[in-house]
Amino acid sequence: MSKTNPGRFFEDYNVGEIIIHAVPRTISGGERAMYHALYPARSALFSSDEFARACGLPASPMDDLATFHTVFGKTVPDVSLNAVANLGYAEGRWHLPVYPGDTLTSESEVIGVKQNSNGKSGVVWVRTTGRNQSDDVVLSYVRWVMVRKRGDGAAPEPVIPELAKVVSADQLIVPAGLDFSGYDFALAGEPHRLSDYAIGEVIDHVDGVTVEEAEHMLATRLWQNTAKVHFDATNRPDGKRLIYGGHVISLARALSFNGLANAQMIVALNGGAHASPCFAGDTVRAWSEVLDIAKTGAPGVGAVRLRLVATKGAAGVLRGEDGKYDPDVLLDLDYWALMPV
Amino acid sequence: MSKTNPGRFFEDYNVGEIIIHAVPRTISGGERAMYHALYPARSALFSSDEFARACGLPASPMDDLATFHTVFGKTVPDVSLNAVANLGYAEGRWHLPVYPGDTLTSESEVIGVKQNSNGKSGVVWVRTTGRNQSDDVVLSYVRWVMVRKRGDGAAPEPVIPELAKVVSADQLIVPAGLDFSGYDFALAGEPHRLSDYAIGEVIDHVDGVTVEEAEHMLATRLWQNTAKVHFDATNRPDGKRLIYGGHVISLARALSFNGLANAQMIVALNGGAHASPCFAGDTVRAWSEVLDIAKTGAPGVGAVRLRLVATKGAAGVLRGEDGKYDPDVLLDLDYWALMPV
Amino acid sequence: MSKTNPGRFFEDYNVGEIIIHAVPRTISGGERAMYHALYPARSALFSSDEFARACGLPASPMDDLATFHTVFGKTVPDVSLNAVANLGYAEGRWHLPVYPGDTLTSESEVIGVKQNSNGKSGVVWVRTTGRNQSDDVVLSYVRWVMVRKRGDGAAPEPVIPELAKVVSADQLIVPAGLDFSGYDFALAGEPHRLSDYAIGEVIDHVDGVTVEEAEHMLATRLWQNTAKVHFDATNRPDGKRLIYGGHVISLARALSFNGLANAQMIVALNGGAHASPCFAGDTVRAWSEVLDIAKTGAPGVGAVRLRLVATKGAAGVLRGEDGKYDPDVLLDLDYWALMPV
């Protein structure tokens, strides 16, 4: 009997099944520091305990995307080891901030399966939930991937989940106690409040980062994501290592500080596409488009829905006339963040 | 008078001498996080405080190899600055887990010397002991290296220590309180318990990592190992930096999670050879062979003796017909780990 | 209206103005560990809580240069985004050690402006002050940079601050409680005390480090320094990324352990010049010259004034016959450190 994990194939997913993912992980100030070394992250709420306390939180939480990567990384051996493609995200919501000292676990429910017409693969939908040591949900999101079939058995009955195109503003969860009424714009780095942004506005975040192999591997290992393609240069015929899509998400989000310094906490992930693969040597830039603006019940706290695009090309360019992503576009992410009104 | 450390030569080692190594080091969650970023380490006991507590420990300890590297790194300026080769390890035992907040020191006793017949170098044996801030031993091991002679003086009387080929199972030290009777195999990542492994079984750990210069230098500095060959590309005629052998040990051990996820704590180092040098660009893989299986007195805790091989080639290949290591083999390590029975 | 920060131009600096820099930053054991991974730093006071306590401090503080980089990094978006050159430092003093858990902020007062004769740029002097969460000053220093003009308006009245060539020994601030009377030279790594050094003595620190892109970017991001030239390979015509000068400072200072292991705390920065740019692939070495020796009022604590030179060439070589820096010289730094007498 082989002792190693061969990964699951399309046939191994049954709607309704709950998959408990290994390995639980305790987060510390070390992971915080690594996040700041790996990405040009500057959001004040995730940088300073004092700033976070002035906003009503007990301390500076882990970056919301660090929580995402930690929860996501655990799903890789069970969900994406034999995946051909990561197709999409939906209904992502951050329920609770994560603080140094918290221990995160992750589990997924299979909520949909649909075999492809070629009979060689199929789409699997899972709803993944991350919890802390008190068993409180910190994050949940739906992801769907294309997975290879092991054999040529009959197709299962297709189950396609109904997913919200967007998390509606009234479903956003504002962390308990969050209060932006005394928000310090000077310390945060920019004067722009929610009312300064207009729906449809496009922001070029100007800065670029040329990515190195060592960096994306450090990041991907930090989240205990074990997918071979990120680490083994002999895995692809072209000798390239594919950069973990989450690395591009964090890089683009950190670059978006320049123009969106006050888009502090990510509270929802509406959708996202990894439009093209990213490789070491690529210079990654980012731009954002304001998609929506909303109120919340918390003092001084509003919400902004943003399209975040990571690109090797020009700001504002997303799709060609054929409707396909411009080849320079790496990531098209749709999320809600909290911002002082 | 030169202020810099010229290192010791063969003549400078006297059997019975105790060498106090600089520099003491306090470990924190930062070193833990770096370890997880540098290696694809996933053992649950070293990842989660909650998992460690469920196994009877007060918190998640530092990875046993991080303890080894920290203690070992301190010996480099005194033991291996003028070393021609790192020849072997024996009688390594981990006495106590190390936790964030602990401060480690290191000292070595010279236990053997033997001049080579060429009169230009000799072999030095040292027993190195790592201690924590309470002066409790956390690790001890024997290492022998070949060291250059300074001059052409007479050979000292040879003293060759008698070393155990293997740490016997009854000498393994199980951390106080360790209890695997309620071990959670789902969270740990694999279902295989000690009784699922057979002596002689070979496990291909499947995954590979292509190593980058920045990574091995970050690691080697983290353990305050100052050997020039790891950092200075002008040091060798071929312009290559030699990767610290301990980096290969940690890489191989982390890769061995896939098939040995439940081989949690390393308790003894029976022997080891750095068969070939490793350089940036190499894709490192690993395989293990089960050498022995034993009981311990702790509830639910067994021990497995493993050969861990890091290689650039195929699993299972160790030596050629001439008895020499296959040129693809980088490391051949013999250790004991604790595993749920 | 553009939301991104265009940086300040020469016209935007008014003498007497106070600039509050974003973003506050809480330091933890994570930043400490990263510092040790990025540089071959071994000073015992910054490595071990126990050693620091034996010297009268409550715990091991952050490396003094980590404090410098953290405070400095915050000034970049306000001071050096449109800077043509970083011209000099003066009157730097460390007022208080920084410990894990501290939150640092940074502000600068404009203390001088002088338009260049070409009318296209000018020199700006700022005095930058770093404070902790109790609003106590931890560091202050003067820096001057050459900044581009936005337009062709009239030159402002020149104001050139009078700056001390050297922080005088009686102005050095010794951390409260510091006591080197029981200093452990064996654990610190070298036997040399202040009385072993002579003014004019030159120390070749022997070791070299070949720098990688990933390393200097990790470091520069860790201090939230956002200058494009360090990250974006498309920013310069030659496709090179300029290494943050502070990376070279920390690298050289860490290398100087070999010969100056007991030059523990940096208490003053008298001056400094980044003589030549440093790029990935360069092998950086260091040498020091003893410039002065002084007493302090603290038990067993003396001060040594050092010239620290980072170079790609030979030790002892600083300037050519024309008085210009030798092209191999990267850094010429003048500082005071505390050392056991």
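Residues numbered from 1 in each chain as written. Chains lettered and ligands numbered in written order. Predicted model: local features only at pLDDT ≥ 70, side-chain atom pairs only at ≥ 80, totals over all residues. Heavy atoms only, no water.

Caption draft 1: Representation of the interface of chain C and chain A. The partner chain A presents 45 residues to the 33 residues of chain C that form the contact. Summed over both partners, the interface of chain C with chain A comes to about 3,000 Å²; 58% of that surface belongs to carbon and sulfur atoms. Where chain C touches chain A, the interface holds five salt bridges. Note that Glu215 of chain A and Arg221 of chain C form a salt bridge whose closest N and O atoms lie 2.9 Å from each other. (Contact = heavy atoms within 4.5 Å. Buried area = accessible area lost by both parts, 1.4 Å probe. Salt bridge = Lys/Arg side-chain N within 4 Å of Asp/Glu carboxyl O.)

Caption draft 2: The arrangement of the relation of the copies chain A and chain B in detail. Mapping chain A onto chain B is achieved by rotating through 120° and translating by 0.0 Å along the same axis, at an RMSD of 0.0 Å. Expressed as an axis order, the relation between the two copies is that of a three-fold axis. Of every C-alpha in chain A, the one belonging to Gly30 of chain A sits nearest the axis of rotation, 2.1 Å from it. Of all interface residues in chain A, a mere 12% are interface residues in chain B too; the two copies therefore contact each other through different surfaces. (Least-squares fit on C-alpha atoms with pLDDT ≥ 70 in both.)

Caption draft 3: The packing of helix α5 (residues 213-222) of chain A against helix α1 (residues 29-38) of chain B, seen in detail. With their axes 6 Å apart at the nearest point, α5 of chain A and α1 of chain B run at an angle of 115° to one another. By the angle between their axes, α5 of chain A is roughly perpendicular relative to α1 of chain B. Viewed along their axes, α5 of chain A and α1 of chain B form a crossing whose handedness is right-handed. Judged by residue contacts, Met217, Leu218, Arg221 and Leu222 of chain A of α5 of chain A engage Ala33, His36, Ala37 and Leu38 of chain B from α1 of chain B. Tallied by class, the residues present in the contact of α5 of chain A with α1 of chain B amount to six nonpolar, one polar and one charged. (Axes fitted to C-alpha atoms, helices over the stretch in contact; angles between N-to-C directions. Helix = DSSP H or I, 4+ residues; strand = E, 2+ residues; numbered from the N terminus. Parallel < 35°, antiparallel > 145°, perpendicular 65-115°, else oblique. Left-handed = near helix turned anticlockwise from the far one by under 90°. Nonpolar A, V, L, I, M, F, W, Y, C, P; charged D, E, K, R; others polar.)

Caption draft 4: Highlighting helix α5 (residues 213-222) of chain B. All names here are of chain B. The element α5 is largely enclosed, with a buried count of ten among its ten residues. Within α5, the full set of buried residues consists of Glu213, Ala214, Glu215, His216, Met217, Leu218, Ala219, Thr220, Arg221 and Leu222. Just downstream of α5, Gln224 is the residue with a positive phi angle, here 55°. (Buried < 20%, exposed > 50% of the residue type's maximum accessible area, 1.4 Å probe, protein only.)

Caption draft 5: Spotlight on helix α6 (residues 245-255) of chain A. Among the eleven residues in α6 of chain A, eleven count as buried, and that is most of the element. Buried within α6 of chain A are the following residues: Gly245, Gly246, His247, Val248, Ile249, Ser250, Leu251, Ala252, Arg253, Ala254 and Leu255 of chain A.

Caption draft 6: Representation of the pairing of strand β7 (residues 265-273) of chain A within the structure. Residue and element names in this part refer to chain A. Counting buried positions over the nine residues of β7 gives nine, a clear majority of the element. Sheet topology places strand β2 (residues 83-94) next to β7; two bridges connect them, and they run antiparallel. Among the inter-strand pairings, Gly92 is bridged to a residue of β7, identified as Leu269. Inspection of the sheet shows β7 paired to strand β10 (residues 329-340) by seven bridges, in the antiparallel sense. Within β10, the residue paired with Ala268 across the bridge is Trp336. (Pairing = 2+ DSSP bridges.)

Caption draft 7: The arrangement of the environment of Ile27 of chain B in detail. Residues and elements named next belong to chain B. In this structure, Ile27 sits in the loop between β1 (18-26) and α1. Judged by relative accessible area, which is 2%, Ile27 ranks as buried. Distance in space between the C-alpha atoms of Ile27 and Leu291 is 33 Å, their sequence separation being 264 residues. Contacts of Ile27, omitting those with residues within four sequence positions, involve Met62, Thr70, Tyr99, Pro100, Gly101 and Asp102.

Caption draft 8: The side chain of Thr128 of chain C, seen in detail. Residue and element names in this part refer to chain C. Positionally, Thr128 belongs in strand β4 (residues 121-131). Within the structure, Thr128 has its side chain in polar contact with the side chain of Ser108 (distance 2.7 Å). Sequence-distant contacts of Thr128, that is, excluding residues within four places in its chain, are made with Val71, Thr75, Ser106, Glu107, Ser108, Leu139, Ser140 and Tyr141. (Polar contact = N/O pair within 3.5 Å; in protein donor to acceptor, adjacent residues only side chain to side chain.)

Caption draft 9: Spatial organisation of the interface of chain A and chain B. Taken together, the contact pairs 33 residues of chain A with 45 residues of chain B. Counting the surface lost from both chain A and chain B, the interface buries some 3,000 Å², and carbon and sulfur atoms represent 58% of this. Where Asp232 of chain A meets Arg285 of chain B, a salt bridge forms, and the shortest distance between an N and an O atom there is 3.0 Å. Scanning the region where chain A abuts chain B turns up 21 residue pairs in polar contact (both at pLDDT 80 or more).

Caption draft 10: How the structure looks around the packing of aromatic side chains. Applying the stated criterion across every chain, the model contains 30 aromatic pairs over all chains. Residues Tyr35 of chain A and Trp223 of chain A carry aromatic rings whose centres are separated by 6.2 Å and whose planes lie at 55° to one another, so their mutual orientation is tilted. Remark: Trp223 of chain A occurs in the loop between α5 and α6 and Tyr35 of chain A occurs in helix α1 (residues 29-38); sequence separation between them is 188 residues. Assessed through its relative accessible area of 2%, Trp223 of chain A is described here as buried. Each ring, one from Phe51 of chain A and one from Tyr183 of chain A, has its centre 5.4 Å from the other, and the planes form 85°; the classification is edge-to-face. In this pair, Phe51 of chain A sits in helix α2 (residues 49-54) while Tyr183 of chain A sits in the loop between β5 (137-148) and α4 (185-188), placing the two residues 132 residues apart along the sequence. Clustering of aromatic rings is evident, with ring pairs tying together Phe68, Phe72, Tyr89, Trp94, Tyr141 and Tyr244 of chain A. Over the ring of Tyr325 of chain B we find Arg319 of chain B, and its NZ or CZ is 4.1 Å from the ring centre. (Phe/Tyr/Trp six-rings, centres within 6.5 Å; stacked < 30°, edge-to-face > 60°. Lys NZ or Arg CZ within 6 Å of the ring centre and 35° of its normal.)

Caption draft 11: Just the sheet that holds β1 of chain B, in detail. All names here are of chain B. What the ten strands build is an open sheet, ordered β1-β3-β4-β5-β2-β7-β10-β9-β8-β6; its pairing is antiparallel. In this open sheet, the two edge strands, each paired with only one partner strand, are β1 and β6 (202-210). For this sheet the average axis-to-axis angle between neighbouring strands, irrespective of direction, equals 25°.

Caption draft 12: Just the pattern of salt bridges, in detail. Residue and element names in this part refer to chain A. Applying the stated criterion to the full structure yields 54 salt bridges over all chains. Between Arg53 and Glu50 there is a salt bridge, and its shortest N-O distance comes to 3.2 Å. A residue pair is termed a helical-turn pair when its members lie 3 or 4 positions apart in one helix, as Arg53 and Glu50 do in helix α2 at three residues. Given the relative accessible area of 33%, Glu50 is considered partly exposed.

Caption draft 13: Spatial organisation of the sheet that holds strand β8 (residues 283-295) of chain C. Residues and elements named next belong to chain C. Overall, antiparallel pairing links the ten strands, which are arranged β1-β3-β4-β5-β2-β7-β10-β9-β8-β6 in an open sheet. Only two strands of the sheet have a single partner each, and these edge strands are β1 (18-26) and β6 (202-210). Averaged over neighbouring strand pairs, the angle between their axes works out to 25° when direction is ignored. Where β6 and β8 come together, six bridges link them in antiparallel fashion. Along β8, the bridge assignment pairs Val202 with Glu289.

Caption draft 14: Main features of the pairing of β1 of chain C. Residue and element names in this part refer to chain C. β1 sits mainly inside the fold: seven of its nine residues count as buried. Strand direction decides the pairing type here: β1 and strand β3 (residues 103-115), joined by six bridges, are antiparallel. Bridge assignment links His21 to a residue of β3, and that residue is Ser106.

Caption draft 15: How the structure looks around the confidence of the model for chain A. Overall, the predicted model of chain A reaches an average pLDDT of 96, with 100% of residues at or above 70. Model confidence for the complex: the whole-complex pTM is 0.97, and ipTM, which rates the interface, is 0.96. (pLDDT = per-residue confidence, 0-100.)

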